[in-house]
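# Close look at the chain arrangement
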Amino acid sequence: MSASQSAVRSRAEAVQVSRALDWMILFTLFTAVLGGYHIHYMLTGGDWDFWTDWKDRRLWVTVAPIVSITFPAAVQSMLWYRYRLPFGAVVAVMALMIGEWINRYLNFWGWTYFPVNFVFPSNLVPGAIVLDVVLMLSGSFILTAVVGGLAYGLLFYPGNWPIIAPLHVPVEYNGMMFTLADLQGYHYVRTGTPEYIRMVEKGTLRTFGKDVAPVSAFFSGFVSIIIYFLWHYFGRWFNKTDFVDPAQI
């Protein structure tokens, strides 16, 4: 083997090792986002995302978008400032969805035997797509926060409605009228604390009549704008690079 052939082969091997290392780094970062986002969402969203009888038209629609826009805003900030990649929100949400489905299937179904249609995670993909599309078209984080953050809150309930609609069908059981989701919660007992034994759907914003979901969605969208700004700056702070002059040490 000539010297030139040996150099070409060594370079090819180096490129292969470098690409393998890149994939390992990407997998590690993706797993870190998955774990951090999952823990954050479970601590803040918690039971509003665990059970179908808690997926009501008021608090679920309000809480879930507000606490779930955090990591998409931070990851989006990091990927856009460093690499001009406009898919940070989708990457973060897909990481969360993978972690949530693993958690719900292995823990809730495989360990405690709750049926999957009682513990499925909320769908956050439509809002994440809108966030990335607004950033890609505008290139402005202010516009992304205002337009994308508001759309994130407004799209949450419609994006989940095809999944949750069959469980909001009214049923009569032992002389009581409630939703199919409440019937699931009645049969699958979790704990004896008051928050678990009450029917969440009974609480409504009666000042606005029966249509409480739009009011909750608009409120969630406005708060999501503020949360997006906050976590966007968290992402920028973690993403900055500081250089130290050795002569000043």
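Residues numbered from 1 in each chain as written. Predicted model: local features only at pLDDT ≥ 70, side-chain atom pairs only at ≥ 80, totals over all residues. Heavy atoms only, no water.

The protein chain goes by Methane monooxygenase/ammonia monooxygenase subunit A in an unreviewed UniProt entry, where it is assigned to Methyloprofundus sedimenti.

Moving on, we come to helix α9 (residues 180-187). Among all positions in α9, only A181, D182, L183, Q184 and G185 are buried. On its buried face, α9 sits against α6 (116-119), β1 (170-173) and β2 (176-179). (Buried < 20%, exposed > 50% of the residue type's maximum accessible area, 1.4 Å probe, protein only. Helix = DSSP H or I, 4+ residues; strand = E, 2+ residues; numbered from the N terminus. Contact = heavy atoms within 4.5 Å.)

All right, on to the pattern of salt bridges then. Counted according to the given criterion, the structure contains two salt bridges. D49 is paired through a salt bridge with R104; the nearest N and O atoms lie 2.6 Å apart. In this pair, D49 sits in helix α2 (residues 47-50) while R104 sits in helix α5 (residues 88-109), placing the two residues 55 residues apart along the sequence. This pair shows no difference in class: D49 is buried, exactly as R104 is. A salt bridge links E100 to R104, with the nearest nitrogen and oxygen atoms 2.6 Å apart. Of this pair, E100 and R104 are both found in helix α5, four residues apart, which corresponds to roughly one turn of the helix. The pair formed by E100 and R104 is uniform in burial state, with each residue classed as buried. (Salt bridge = Lys/Arg side-chain N within 4 Å of Asp/Glu carboxyl O.)

The next subject is helix α4 (residues 70-83). With 14 residues, α4 should reach 20 Å at 1.5 Å per residue; the first-to-last C-alpha distance of 20 Å fits that figure. Restricting attention to buried positions, one finds in α4 the residues T70, F71, P72, A73, A74, V75, Q76, S77, L79 and W80. Remark: R84 follows α4 within two positions and exhibits a positive phi of approximately 55°. (Expected span 1.5 Å × (residues − 1).)

Put simply, the protein chain has an average pLDDT of 83, and 85% of its residues get 70 or more. At the level of individual helices and strands, the protein chain shows its lowest average pLDDT in helix α10 (residues 194-197), which scores 64, and its highest in helix α7 (residues 125-138), which scores 93. Counting contacts from residues 204-208, a segment whose pLDDT is below 50, to residues more than four positions away or on other chains yields eight contacts. (pLDDT = per-residue confidence, 0-100.)

Turning to the pairing of β1, a few remarks are in order. Of the pairings in the sheet, the one linking β1 to β2 comprises four bridges and is antiparallel in character. Bridged to P170 within β2 is T179. Once β1 ends, the chain turns through two residues before running back antiparallel as β2, passing N174 with a positive phi of about 55°. (Pairing = 2+ DSSP bridges.)

In this section: a nonpolar patch on the surface. A surface patch of nonpolar side chains, amounting to about 670 Å² of accessible area, comprises L21, W23, M24, I25, L26 and L29. By the secondary structure assignment, L29 is in helix α1 (residues 3-44). (Patch = residues over 30% accessible without salt bridge, like charges linked within 9 Å, V, L, I, M, F, W, Y side chains within 5 Å. Areas by Shrake-Rupley, 256 points an atom, 1.4 Å probe, with all protein chains shown as cover.)

Grouped together as the largest cluster of nonpolar side chains are 44 residues, with contacts concentrated most on Y37, Y41, W51, W60, L124 and Y228. The greatest single-element share of this core, amounting to seven residues, is contributed by α5. Once residues within four sequence positions are removed from consideration, W60 is found in contact with W48, D49, W54, K55, P65, S122, F156, Y157 and N160. (Core = buried A, V, L, I, M, F, W, Y, C linked by side-chain atoms within 4.5 Å.)

Okay, the side chain of S220 next. Mapping S220 onto the fold places it in helix α11 (residues 213-239). In contact with S220, other than residues within four places in its own chain, are V61, T62, P65, I66 and G153.

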